[in-house]
Amino acid sequence: LSPSERQQAVQLSATLKTVAEALRTNTALDAAGISRLESQAMQSLSNLGWHPDYVAVRRQADLQPAQAGDAMVVLAAARLGATRLIDNLEV
């Protein structure tokens, strides 16, 4: 990563935190609501100049699609410049 890309790299973690907070405050989200959060996070990264591969909310136990009440994890992979960064955050 270039020096400027290193400064921007924190945006991936910030995006995961935003999704996690939305999941915590909207505990009754259905599959469509979770899908909207994933899409919004991808769009947010794209708007910042990233090239996201995925932002996904999954069940912690087996990485299957999450449902309300599950212990969840937010997963993301995105390219910033020539570097592909991955991160996850348990909810």
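Everything below is about the structure shown above.
What you see is a predicted model, and the numbers here were worked out from it, not measured in a lab.

**Details of the pairing of strand 2 (residues 72-80)**
Alright, step 1. Within strand 2, 7 of the 9 residues are buried, leaving the element largely enclosed by the surrounding structure.
Alright, step 2. Sheet topology note: the strand 1 (residues 51-59)/strand 2 ladder contains 8 bridges and is antiparallel. When the bridges of strand 2 are listed, valine 57 appears paired with valine 74.
Alright, step 3. Turn length for the strand 2-strand 3 (residues 83-90) hairpin, with the two strands adjacent in sequence and antiparallel, is 2 residues, and the turn residue glycine 81 shows positive phi of about 65°.

**Some details on the nonpolar core**
Alright, step 1. Core analysis: the largest hydrophobic core is formed by 20 residues, its most contacted members being Leu12, Leu23, Trp50, Val57 and Val74.
Alright, step 2. Mapped onto this core, the elements with two or more residues apiece are helix 2 (10-25), helix 3 (31-47), strand 1 and strand 2.
Alright, step 3. Setting aside chain neighbours within four positions, we find leucine 12 in contact with Leu45, Trp50, Ala76, Ala78, Leu85, Ile86 and Asp87.

**Some words on the sheet that holds strand 2**
Alright, step 1. Judged by pairing direction, the sheet is antiparallel, and its 3 strands sit side by side in the order 1-2-3 without closing on themselves. Strand pairing shows two members of the sheet lacking a second neighbour, strand 1 and strand 3, which therefore form its edges. Shown here is a sheet whose adjacent strand axes are inclined to one another by a mean of 10°, direction ignored.
Alright, step 2. Contacting strand 1, strand 2 and strand 3, helix 2 runs over the sheet at an angle of about 30° to strand 3.

Scoring rules and cut-offs
Residues numbered from 1 in each chain as written. Predicted model: local features only at pLDDT ≥ 70, side-chain atom pairs only at ≥ 80, totals over all residues. Heavy atoms only, no water. Buried < 20%, exposed > 50% of the residue type's maximum accessible area, 1.4 Å probe, protein only. Helix = DSSP H or I, 4+ residues; strand = E, 2+ residues; numbered from the N terminus. Pairing = 2+ DSSP bridges. Core = buried A, V, L, I, M, F, W, Y, C linked by side-chain atoms within 4.5 Å. Contact = heavy atoms within 4.5 Å. Axes fitted to C-alpha atoms, helices over the stretch in contact; angles between N-to-C directions.

Worth remembering: the numbers are spatial, not functional.
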